[in-house]
Amino acid sequence: MITDARALKPEWMPNDLVHREGKVDHLASVLDPMGRAGDVALISGPAGVGKTTIAKYVAEQLEREMFDINIGYAHCIQDSSSAAALHSLLRDAGLGSDLRLEGTSTSTYLERLREDDGTTVAILDEVDNLADRKLLHSLYDLQGVHLVMICIDDDLLFHGLESRVQSRLRGAEMISLEAYGHDELVDILWDRIDAGLRRSRIDGDAVDLIADIAAGDARHGITLLRKAATA
């Protein structure tokens with residue numbers, strides 16, 4: 001039944017993001033290739049609506065189209081301190097392989113970004129879990145750094161921020177995602193099926209049931225599909 005198990009993983013990147021084309025175009029327009037400071041996007045929405053997927057998809061598209069672009073990703077639940085988030089960002093972007101988390105200051109990481117001649121897309125996932133959100137202000141001001149922040153609720157992110165940090169982040173381009181509708185989620189599941197399973201072995205009613213249970217959460221739906229395929 002399984003032809004490519006990778007397609008049944010939530011993090012697998014499809015060739016096209018169905019029902020998110022407009023959001024993809026919106027984010028791509030924000031991440032202008034000119035390398036200006038202030039190209040900042042905030043993607044918000046409930047779990048499983050494609051926030052991280054859209055950010056990585058657009059970043060990878062830019063990487064294919066441009067020279068001298070680096071993509072860095074940090075998950076701020078795991079990397080909640082400024083140093084840990086920057087460490088993950090720089091290592092993922094290929095700019096910090098020589099830096100050790102222990103003993104490396106935040107300023108050292110920021111200086112490494114400042115000295116780089118290329119463009120860095122810095123994706124901070126679950127950004128509201130950062131212990132010190134002044135880091136966002138520092139990244140915002142760096143020439144050549146395009147900041148993409150991801151959170152569930154932007155109001156919770158802004159709550160309690162220093163006024164100068166909040167003022168900067170309010171200028172970010174807001175990209176809000178809603179939960180997928182039932183038919184949209186069915187389309188996403190069938191795309192995964194076509195990429196990783198034998199369609200002839202799949203019962204359409206079972207796909208409808210999975211979409212019902214997942215209730216707009218694509219990640220949950222893909223997990224249920226994988227479980228059903230391997231049962």
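Residues numbered from 1 in each chain as written. Predicted model: local features only at pLDDT ≥ 70, side-chain atom pairs only at ≥ 80, totals over all residues. Heavy atoms only, no water.

Trainee: Sorry, what's going on with the pairing of strand E2 (residues 69–75) here?
Mentor: The two faces of the sheet receive side chains in turn, since in a regular strand these alternate between them. Most of E2 is tucked away, with six of its seven residues classed as buried. Pairing of E2 with strand E3 (residues 119–125) involves seven bridges; the strand directions are parallel. Bridge assignment links Asn 70 to a residue of E3, and that residue is Thr 120. (Buried < 20%, exposed > 50% of the residue type's maximum accessible area, 1.4 Å probe, protein only. Helix = DSSP H or I, 4+ residues; strand = E, 2+ residues; numbered from the N terminus. Pairing = 2+ DSSP bridges.)

Trainee: Honestly, the environment of Thr 106 in this entry has me stumped. Any pointers?
Mentor: The residue Thr 106 is located in helix H4 (residues 106–115) in this model. Using a relative accessible area of 28% as the deciding quantity, one classes Thr 106 as partly exposed. With 25 residues separating them along the chain, Thr 106 and Ser 81 place their C-alpha atoms 9.6 Å apart. Not counting the four nearest positions on each side in its chain, Thr 106 is found in contact with Ser 82, Ala 83 and Leu 86. (Contact = heavy atoms within 4.5 Å.)

Trainee: Explain the packing of helix H1 (residues 21–30) against helix H2 (residues 51–65) here, please?
Mentor: The angle between the axes and the distance between the axes are what describe a pair of packed helices. Between H1 and H2, the shortest axis-to-axis distance is 10 Å and the interhelical angle comes to 55 degrees. When the axes of H1 and H2 are compared, the pair comes out oblique. In this structure, the crossing between H1 and H2 has a hand that is right-handed. Across the interface between the two elements, Lys 23, Val 24, Leu 27 and Ala 28 from H1 touch Ile 54, Ala 55, Tyr 57 and Val 58 from H2. Its residues assigned to classes, the contact of H1 with H2 comprises seven nonpolar, no polar and one charged. (Axes fitted to C-alpha atoms, helices over the stretch in contact; angles between N-to-C directions. Parallel < 35°, antiparallel > 145°, perpendicular 65-115°, else oblique. Left-handed = near helix turned anticlockwise from the far one by under 90°. Nonpolar A, V, L, I, M, F, W, Y, C, P; charged D, E, K, R; others polar.)

Trainee: How should I be thinking about the nonpolar core in this particular structure?
Mentor: The nonpolar side chains of a soluble globular protein tend to be buried, and buried together. Within the largest apolar cluster, 34 residues are counted, with the highest numbers of intra-cluster contacts made by Leu 124, Leu 139 and Met 149. Going through the elements one at a time, strand E1 (40–44), helix H3 (82–93), H4, E3, helix H5 (134–140), strand E4 (145–151), helix H6 (154–158) and helix H7 (163–170) are the ones with two or more residues in this core. Ranked by residues supplied to this core, first place goes to H3 with six residues. Leu 124 has contacts with Ala 74, Cys 76, Ala 85, Leu 89, Leu 130, Leu 136, Leu 139, Leu 147, Val 148, Met 149 and Ile 150, leaving out every residue within four places of it along the chain. (Core = buried A, V, L, I, M, F, W, Y, C linked by side-chain atoms within 4.5 Å.)

Trainee: Would you mind going over H2 with me for this structure?
Mentor: Helix length check: H2, at 15 residues, gives a terminal C-alpha distance of 22 Å against a target of 21 Å (1.5 Å per residue), a fit within 8%. By the burial criterion, the buried members of H2 are Lys 51, Thr 52, Ile 54, Ala 55, Tyr 57, Val 58, Ala 59 and Leu 62. (Expected span 1.5 Å × (residues − 1).)

Trainee: Help me understand the environment of Ser 176, please; the structure alone is not making it clear to me.
Mentor: Checked against the element boundaries, Ser 176 lands in strand E5 (residues 173–176). A residue is classified by how much of its surface remains accessible, and Ser 176, at 39% relative accessible area, is partly exposed. As a C-alpha pair, Ser 176 and Thr 108 span 68 residues in sequence and 33 Å in three-dimensional space. Residues contacting Ser 176, with those up to four places away along its chain left out, are Lys 23 and Ser 44.

Trainee: Is there a simple way to think about the packing of aromatic side chains in this case?
Mentor: Aromatic rings in a pair are described by how distant their centres are and how their planes are angled relative to each other. A full pass over the atoms with the stated rule returns zero aromatic pairs. The ring of Tyr 180 carries Arg 20 above its face, with NZ or CZ at 4.0 Å from the centroid. A cation sits over an aromatic face here: Arg 170 above Phe 158, 3.8 Å from the ring centre. (Phe/Tyr/Trp six-rings, centres within 6.5 Å; stacked < 30°, edge-to-face > 60°. Lys NZ or Arg CZ within 6 Å of the ring centre and 35° of its normal.)

Trainee: Would you mind going over the sheet that holds E2 with me for this structure?
Mentor: The strands making up a sheet associate through backbone hydrogen bonding, with each pair oriented either parallel or antiparallel. Read from one edge of the open sheet, five strands run E2-E3-E4-E1-E5, paired in parallel fashion. Edge positions in the sheet fall to E2 and E5, since each has one partner strand and no second. Adjacent strand axes in the sheet meet at a mean angle of 15 degrees, parallel and antiparallel pairs treated alike. In the sheet, E3 pairs with E4 via five bridges, with the strands oriented parallel. Note on E4: the bridge partner recorded for Val 121 is His 146. Packed onto the sheet, H3 meets E2 and E3 and runs at close to 145 degrees relative to E2.

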